[in-house]
Amino acid sequence: MESVEAFDVIVIGAGPAGEVAAGRVAAAGLSTAVVESELAGGECTYWACIPSKALLRPVDLAGEVSRLTGLRLDDTAEGGPIDAAAVLARRDAAVSNYDDAGQVRWLDSAGVTLVRGTGRLAGPRRVEVTTADGGVRTLVANHAVMLATGSGPVIPPVPGLAAAEPWTNREATGMRAVPERLVVIGGGVVACEMAQAMRGLGAREVTMLVRGGELLTRMEPFAGATVARSLTDQGVDIRTHESAEKVERPEPGGEVTVRLASGGTVTADEILVATGRRSAAGDLGLASVGLPESGPVEVDESMRATGVADGWLYAVGDLNGLALLTHMGKYQARVASDVVVARARGEADDRPGMRDRAGRAGAPQVVFTDPQVCAVGRTEAQARAEGFDVRVVEYDMEQVAGGYLLGDGYRGRAKAVVDERRRVLLGVTFVAPGAAELLHAATIAVTTGVTLDDLWHAVPAFPTVSEVWLRLLEAYGL
């Protein structure tokens, strides 16, 4: 007879969103299982957010030191001012040496049962898990199944590219040595961050192939232009309106030759593909519950999958395609978990906290280049396209006393997009060294709809860079 294990809630995927969901419903007293085929902790913990920022921090700090009179980098040190081997060792520590024992202990302490294997839906509330030894475990959910399988990198159909064993974010953040020469395909967040990290850690040549004319195209145009200038100043060769026509790597581990659409070639030791990500719907068995297999999984504002009867299926994080950002996946997990718990208890599931509000306002995001790019809400172009009565104010951040004190070469710009009818902020962008810590104040203002008149009474401390808020309001006319 088939052995079936029953839980109140089953979560497929133990990345950041899945862990939050599992921990939250378990804390409410629901029996919970989380299914994971790789490391508990997921992409962000081991192959994306955490290791990439560990690699970028020394480069960022070196930039700060170079801008401040009285400090200097030790350029006479062997290999340059940054000890790449030490940085990689610290990266390994940051990702727990790719060992998820700590995450497993946390799940256990939270009362969550970890099931190792690949999980897929096999009908309503039913999950089949294929284990590493080829066995199959069948799990049944009393109340809900929550999908949190994340996303995977997109490899463009360029002849020879897949066969050339290109790097994705995983190989780049997990590199054992910095390549002498690197080609980067793409101009988005991963492309910009990794180009800067590789160059700063000692890569002799870094070439970016950008199909369009700008970097960071989902942000305000000045953000990508500023980062492009910075990367160019640091020796990165950015080739806009350029793409790979063919990739050749005759020998495994040998050099890579990229034939360009415009003619000519670029030769490198490694090639990094950073052209976006796709929701990992894959072999999730979505068809068994009447959903398209390809994904992303469409959800309502409570993260319930639309088109599934009785509201027992949820999708959080990258899988639903709403905002491919770790913090947004965790936020969605909190929203969905509270709905699951309320429904399991027979309580109302329509309280304000059980609906996505942050995503509709515009998710916050930081690009950890030097300078950092921080944005929340709508860009000017998005706001105008949606029909808002828009007014824009901008300010050069080096004119703020706190900015000058951070370094002689400190440069930055702030932009606020205002809804003139309601006198609230629709979006805010900061581009400056160390600007990431300014973002949460902007997120509060945009998400909660704080009026400009109320913001006028939120007095920034002197002399901090946060005085840019006062300058923006003065530029508006308050």
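What counts, and where the lines are drawn
Residues numbered from 1 in each chain as written. Predicted model: local features only at pLDDT ≥ 70, side-chain atom pairs only at ≥ 80, totals over all residues. Heavy atoms only, no water. Helix = DSSP H or I, 4+ residues; strand = E, 2+ residues; numbered from the N terminus. Rg over C-alpha atoms; globule rule 2.2 N^0.38 Å. Contact = heavy atoms within 4.5 Å. Areas by Shrake-Rupley, 256 points an atom, 1.4 Å probe, with all protein chains shown as cover. Lys, Arg positive; Asp, Glu negative; His and termini not counted. Charge placed at Lys NZ, Arg CZ, Asp CG, Glu CD. Pairing = 2+ DSSP bridges. Axes fitted to C-alpha atoms, helices over the stretch in contact; angles between N-to-C directions. Parallel < 35°, antiparallel > 145°, perpendicular 65-115°, else oblique. Left-handed = near helix turned anticlockwise from the far one by under 90°. 1 Å grid on protein atoms, 1.4 Å probe; cavity = no way out; pocket = protein on both sides within 12 Å on 5 of 7 lines; lining within 4 Å. Points joined across faces, edges and corners; volume = space filled by probe spheres on them. Buried < 20%, exposed > 50% of the residue type's maximum accessible area, 1.4 Å probe, protein only. UniProt positions renumbered as here; feature names shortened; annotations may be inferred. Salt bridge = Lys/Arg side-chain N within 4 Å of Asp/Glu carboxyl O. Phe/Tyr/Trp six-rings, centres within 6.5 Å; stacked < 30°, edge-to-face > 60°.

Undergrad: Which parts of the structure should I look at to understand the overall build of the protein chain?
TA: When helices and strands are counted, the protein chain shows 15 helices and 21 strands. Compactness check: the protein chain gives a C-alpha radius of gyration of 24 Å against a globular reference of 23 Å for 478 residues, within 12% of the reference. Judged by the C-alpha coordinates and their principal axes, the protein chain covers about 75 × 65 × 40 Å. Nonlocal contacts in the protein chain, meaning residues at least 24 apart in sequence, comprise 64% of its contacts between residues at least 6 apart. Approximately 21,200 Å² of the protein chain is accessible, and the part contributed by carbon and sulfur atoms is 51%. Mean positive and mean negative side-chain charge positions of the protein chain (46 and 62 charges, respectively) differ by 3 Å.

Undergrad: I'm lost on the sheet that holds strand 11 (residues 244-248) in this one. Help?
TA: Think of a sheet as strands paired side by side through backbone hydrogen bonds, with each pair either parallel or antiparallel. Spatial ordering of the open sheet is given by 11-12-13, a layout of three strands whose pairing is antiparallel. At either margin of the open sheet sits one strand with a lone partner, and together these are strand 11 and strand 13 (265-268). Strand-to-strand twist in this sheet, taken as the mean axis angle between neighbours without regard to direction, amounts to 20 degrees. In this structure, strand 11 lies alongside strand 12 (residues 256-260), joined through four bridges in antiparallel fashion. When the bridges of strand 12 are listed, Glu248 appears paired with Thr257.

Undergrad: I keep staring at the packing of helix 1 (residues 16-27) against helix 9 (residues 326-344) and nothing clicks. Help me out?
TA: For any two helices packed against each other, the geometry is given by the interaxial angle and the distance between the axes. Relative orientation of the contacting elements helix 1 and helix 9 amounts to 25 degrees, with a least axis distance of 8 Å. One element, helix 1, and the other, helix 9, form an angle in the roughly parallel class. Between helix 1 and helix 9 lies a crossing whose hand is right-handed. Of the residues in helix 9, those in contact with Pro16, Ala17, Val20, Ala21, Arg24 and Val25 of helix 1 are Thr326, Gly329, Lys330, Ala333, Arg334, Ser337, Asp338, Val340 and Val341.

Undergrad: What's the story with empty space enclosed by the protein in this structure? I'm lost.
TA: If a probe as big as a water molecule is rolled over the atoms, it shows which places are left empty. For the coordinates displayed, the defined rule picks out one cavity of 30 Å³ or more. Of the volumes computed, that of the largest cavity is approximately 60 Å³. Together, Val393, Ala416, Val418, Leu425, Leu452, Leu455, Trp469, Leu472, Leu473 and Tyr476 line the largest cavity. For the lining of the largest cavity, the secondary-structure elements that each account for two or more residues are strand 20 (413-419), helix 14 (452-455) and helix 15 (468-476). Broken down by element, the lining of the largest cavity gets its largest block of residues, four residues, from helix 15.

Undergrad: Just to check I follow, could you spell out the pairing of strand 2 (residues 32-36) for this structure?
TA: The buried fraction of strand 2 is high, at five of five residues. Across the two faces of strand 2 the burial is the same, with Thr32, Val34 and Glu36 and Ala33 and Val35 all buried. Here strand 1 (residues 4-12) pairs with strand 2 via four bridges, running parallel. If you follow Ile10 over to strand 2, its bridge partner there is Ala33.

Undergrad: What should I look at first to understand unusual backbone geometry in this one?
TA: Glycine aside, a negative phi is what most residues show, and trans is what most peptide bonds show. Along the chain, Asp370 connects to Pro371 via a cis peptide bond; the corresponding omega equals 10 degrees. Along the chain, the position of Pro371 falls in the loop between strand 17 (365-367) and strand 18 (372-377). Going from Phe462 to Pro463, the amide bond is cis rather than trans, its omega being -5 degrees. As for its position among the elements, Pro463 is in the loop between helix 14 and helix 15.

Undergrad: Would you take a moment to explain the environment of Val247 for this structure?
TA: Here Val247 is to be found in strand 11. Look past the residues within four positions of Val247 in its chain and what remains in contact with it is Val158, Pro159, Gly160, Leu161, Ala164, Val256, Thr257, Val258 and Ile271.

Undergrad: Whenever I open this one, the UniProt feature "domain: Pyridine nucleotide-disulphide oxidoreductase dimerisation" (unreviewed entry) in the protein chain confuses me. Can you help?
TA: Here the UniProt-annotated "domain: Pyridine nucleotide-disulphide oxidoreductase dimerisation" (unreviewed entry) positions come out as residues 364-469. A distance of 17 Å separates the end C-alpha atoms of residues 364-469, which is 26% helix and 30% strand.

Undergrad: Would you explain the pattern of salt bridges in this entry?
TA: Pairs may arise between side chains of opposite charge once their charged atoms sit close together. For the structure shown, the criterion picks out 34 salt bridges. Among the salt bridges present, the one from Asp453 reaches Arg423, with a minimum N-O distance of 3.1 Å. With Asp453 in helix 14 and Arg423 in the loop between strand 20 and strand 21 (424-432), this residue pair connects regions lying 30 residues apart in the sequence. For Arg423, a relative accessible area of 28% translates into the label partly exposed. Two residues, Glu474 and Arg471, come together in a salt bridge whose shortest N-O distance is 3.0 Å. Highlighted residues: Glu474 and Arg471, both in helix 15, separated by three residues, approximately one helical turn. Assessed through its relative accessible area of 38%, Glu474 is described here as partly exposed.

Undergrad: In this structure, what is going on with the packing of aromatic side chains? I would like to understand it.
TA: Any two aromatic rings considered together are summarised by their centre-to-centre distance and by the angle between their planes. Under the definition given, this model contains two aromatic pairs. Ring centres of Tyr46 and Trp47 lie 5.6 Å apart, and the angle between their planes is 55 degrees; on these two criteria the pair is classed as tilted. Per residue, the accessibility class of Tyr46 equals that of Trp47, and both read buried. Ring geometry for Phe430 and Trp469: centres 5.8 Å apart, planes at 75 degrees, overall edge-to-face. With Phe430 in strand 21 and Trp469 in helix 15, this pair connects stretches of sequence that are 39 residues apart. The buried category is assigned to Phe430, whose relative accessible area is 0%. A relative accessible area of 13% means that Trp469 is categorised as buried.

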